[in-house]
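Listed here are the chains, written in short residue letters.
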Amino acid sequence: MSATLYDKIGGKATVEKVVEDLHKRILADGSVSPFFAKTDLAKQRGHFIAFLTQLLEGPKEYAGRPMDKTHAGMSVQPQHFEAVTKHLSDAMATNGVAADDINAAIARVSNVKGAIVNK
Ligand code: HEM
């Protein structure tokens, strides 16, 4: 059996660092930070980590809300989605994830775009 993307990038330790880095980047970006004004990102961190873990074929432990319900009423536009995706990509690169693995991860994230944008 071949290694999952989750294993390849370094599993839990890497995903935790990536999500922490991602949240810093989101808060530093005025084009997306206002969306998170009422969000306790420290509380959301576990959900983000679990969701990303599952997307990368790690353990299935995500117990948060479905993506369309989570982002309902936010009117997230494609450019916001692209900005967050770019931050995720940069956070992965900063934490030593190889370019091929980043591309594969972003492709998976792009699969949930329809459930997040324009809700
Ligand atoms: C790039 C792909 C994205 C993924 C994989 C993603 C995933 C998630 C997850 C897993 C949660 C936690 C759900 C829960 O608490 O049950 C969440 C919450 C949230 N997301 Fe996203 N998201 C994405 C893009 C975006 C974008 C582009 C925005 C807005 C610019 C956004 C705004 C939010 C906000 C504001 C919350 C917190 C909601 C709350 O406080 O209740 N997300 N997202």
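Residues numbered from 1 in each chain as written. Predicted model: local features only at pLDDT ≥ 70, side-chain atom pairs only at ≥ 80, totals over all residues. Heavy atoms only, no water.

For the rest of this paragraph, the subject is the coordination of the iron atom of the ligand. For the iron atom of the ligand, the sole protein-derived donor is H71 (NE2), lying 2.1 Å away. When you line up the elements, H71 lands in the loop between α4 (67-70) and α5 (78-94). (Donors = N, O, S within 2.8 Å, 3.2 Å for Na, K, Ca; no water. Helix = DSSP H or I, 4+ residues; strand = E, 2+ residues; numbered from the N terminus.)

Another aspect to go through is the packing of aromatic side chains. The final tally for this structure, using the stated rule, is 1 aromatic pair. Between the aromatic rings of F51 and Y62, the centroid separation amounts to 5.1 Å while the plane-to-plane angle is 75°, which identifies the pairing as edge-to-face. Taken together, the residues F51 in helix α3 (residues 41-55) and Y62 in the loop between α3 and α4 connect sequence positions 11 residues apart. Under the relative-accessibility criterion, F51 is labelled partly exposed at 21%. (Phe/Tyr/Trp six-rings, centres within 6.5 Å; stacked < 30°, edge-to-face > 60°. Buried < 20%, exposed > 50% of the residue type's maximum accessible area, 1.4 Å probe, protein only.)

Here we come to the packing of helix α2 (residues 11-27) against α3. Close contact between α2 and α3 brings their axes to 10 Å; oriented N to C, the two are set at 125°. Judged on the interaxial angle alone, α3 and α2 are oblique. In this structure, the crossing between α2 and α3 has a hand that is right-handed. In contact with V15, E16, V18, V19, E20, H23 and L27 of α2, α3 contributes L41, R45, F48, I49, L52 and T53. Along the lines of polarity and charge, the residues of the contact of α2 with α3 split into 8 nonpolar, 2 polar and 3 charged. (Axes fitted to C-alpha atoms, helices over the stretch in contact; angles between N-to-C directions. Parallel < 35°, antiparallel > 145°, perpendicular 65-115°, else oblique. Left-handed = near helix turned anticlockwise from the far one by under 90°. Contact = heavy atoms within 4.5 Å. Nonpolar A, V, L, I, M, F, W, Y, C, P; charged D, E, K, R; others polar.)

Right, let's talk about the UniProt feature "binding site: heme" (unreviewed entry) in the protein chain for a bit. When the UniProt feature table is mapped to this numbering, "binding site: heme" (unreviewed entry) covers H47 and H71. Taken together, the annotated residues stretch across 25 residues yet fold into one region, lying no more than 13.6 Å apart by C-alpha. Considering the arrangement of structural elements, one finds H47 in helix α3. Beyond its immediate stretch of four places on either side in the chain, H47 contacts Y62, A63 and G64. (UniProt positions renumbered as here; feature names shortened; annotations may be inferred.)

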